[in-house]
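Structure at a glance
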Amino acid sequence: MERKQKAIEWIRYDDPDEVPPPWRHLLEEAGRGWNKAWAPYSQFLVGAAVLLDNGIVLSAGNQENAAYPMCLCAERTVLATAASQYPGTAVRALAIRVKNLRKKLTEPATPCGACRQVLYETELRQDGKPITLILQGEEGPVVVIEGIAHLLPFGFDHSAL
Ligand SMILES: [Zn+2]
């Protein structure tokens, strides 16, 4: 028997002004994703923006449906858009911002389990090149995570297929 460990790490900026300018810009783009969200049921708006290796920035919002299981997260929506519009172009970073119309969110939210798995597959598709995640609420602290391994240490891959 052998007990093993994996370490995860993240960077927290209590002062958003300390966030490096490219990531601040991507957070602004993610905020624009709120305007693209369709969230009449939860009132929980998620905006996501990706920065691609070719410098292109795309944003999206979550897409809810009265048939709840059909809902699409903003993260997967923008990743699918990027893969469709710019196939073969690596995703360098993904910014995610959350806003609840019922109460002000001043802490970031992390991606759901399904989005973590899709981010894991996206990194595999780009030869393991890590995607930087930049997370923020409506305002307040920013969390930066360098690669999905820090959010999903045991992702499922093709090796068992
Ligand atoms: Zn999700």
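Note that residues are indexed from 1 along each chain, following the sequence as it is written. In keeping with the predicted nature of the model, local features appear solely for residues at pLDDT of at least 70, side-chain atom pairs appear and are counted solely at 80 or more, and the whole-chain, interface and lining totals rest on all residues.

**Some words on the overall build of the protein chain**
Broken down by element type, the protein chain carries 3 helices and 6 strands. Segments assigned H or I by DSSP are reported as helices when at least four residues long, segments assigned E as strands when at least two residues long, and all are numbered from the N terminus. Reading the protein chain from its N terminus to its C terminus gives the helix and strand order β-α-β-β-α-β-α-β-β. Radius of gyration here uses only the C-alpha atoms, and the compact-globule reference equals 2.2 Å multiplied by the residue count raised to the power 0.38. A globule of 161 residues ought to have a C-alpha radius of gyration of about 15 Å, and the protein chain, at 16 Å, matches this closely. On the principal axes, the C-alpha backbone points of the protein chain span a range of 50 × 35 × 35 Å. Think of it as a crowd count around each C-beta: if 20 or more other C-beta atoms lie within 10 Å the residue is buried, if 12 or fewer it is exposed, and in between it is partly exposed, with C-beta placed from the backbone throughout. Residue burial in the protein chain is summarised as follows: out of 161 residues, 32% are buried. For every residue pair, C-beta atoms are placed from the backbone, and the pair is scored as a contact if these atoms sit within 7 Å. Intrachain contacts of the protein chain at a sequence separation of at least 6 include 66% that bridge at least 24 residues.

**Considering the sheet that holds strand β5 (residues 132-136)**
With mixed pairing, 6 strands are arranged side by side in an open sheet as β1-β6-β5-β4-β2-β3. What marks the edges here is a single partner per strand, and that holds for β1 (11-13) and β3 (57-61). Put simply, the sheet's adjacent strands are angled 15° from each other on average, direction ignored. Bridge count for β5 against strand β6 (residues 142-146) is 5 bridges, and the pairing is antiparallel. Residue pairing across strands places Gln-136 opposite Val-142, the latter belonging to β6. Docked against the sheet, helix α1 (residues 21-32) engages β2 (44-52), β3, β4 (91-100), β5 and β6, running at close to 50° with respect to β4. If DSSP finds at least two bridges between two strands, the strands pair. For helices, the fitted line uses only the C-alpha atoms of the stretch in contact; every axis is such a line through C-alpha atoms, and the angle between N-to-C directions lies from 0 to 180 degrees.

**What about the pairing of β3?**
Pairing geometry for β2 and β3, over 5 bridges, is antiparallel. What sits directly across from Gly-47, in β3, is Gly-61. Between β2 and β3, which pair antiparallel and follow one another directly, the connecting turn spans 4 residues, one of which, Gly-55, has a positive phi of 90°.

**Examining the nonpolar core**
Counting 35 residues, the largest nonpolar core has Ala-48, Ala-95 and Ile-96 as the members making the most contacts within it. Among the secondary structure elements, those contributing two or more residues to this core are α1, β2, α2 (74-85), β4, α3 (113-125), β5 and β6. Among the elements that line this core, the one with the most residues is β2, at 6 residues. Ala-48 has contacts with Ala-30, Gly-33, Ser-59, Ala-60, Ala-74, Glu-75, Val-78, Leu-94, Ala-95 and Ile-96, leaving out every residue within four places of it along the chain. For the purposes of this analysis, a nonpolar core is taken to be any set of buried Ala, Val, Leu, Ile, Met, Phe, Trp, Tyr and Cys residues that are connected through C-beta atoms within 7 Å.

**What to know about the packing of α2 against α3**
Direction vectors running N to C along α2 and α3 enclose 25°, while the axes themselves pass 9 Å from each other. Relative to α3, the element α2 lies roughly parallel. Relative to α3, the crossing made by α2 is left-handed. Only Cys-115, Val-118 and Thr-122 of α3 make contact with α2, whose side of the interface consists of Glu-75, Arg-76 and Leu-79. An angle counts as roughly parallel when it lies under 35 degrees, as roughly antiparallel when it exceeds 145, as roughly perpendicular when it falls between 65 and 115, and as oblique in every other case. Two helices crossing with the near one rotated counterclockwise from the far one by less than a right angle form a left-handed crossing, whereas a clockwise rotation gives a right-handed crossing.

**Brief notes about the environment of Gly-61**
Along the chain, the position of Gly-61 falls in strand β3. Taking C-alpha positions, Gly-61 is 36 Å from Gln-5, a pair spaced 56 residues apart along the chain. If we skip the residues at most four places from it in the chain, Gly-61 touches Gly-33, Trp-34, Lys-36, Ala-37, Trp-38, Leu-45, Val-46, Gly-47 and Ala-74.

**What about α3?**
By this rule, a helix spans an expected 1.5 Å times one less than how many residues it contains. Over its 13 residues, α3 extends 19 Å from the first C-alpha to the last, a length consistent with the 18 Å expected when each residue adds 1.5 Å. Within α3, burial applies to Cys-115, Val-118, Leu-119, Tyr-120, Thr-122 and Glu-123.

**Here's the deal with the environment of Ala-82**
Mapping Ala-82 onto the fold places it in helix α2. Here Ala-82 falls in the buried class, since 22 other C-beta atoms lie within 10 Å of it. Measuring from C-alpha to C-alpha, the distance between Ala-82 and Val-57 comes to 9.0 Å, with 25 residues separating the pair along the chain. Every residue in contact with Ala-82, bar those within four places of it in the chain, is listed here: Val-50, Leu-52, Leu-58 and Val-91.

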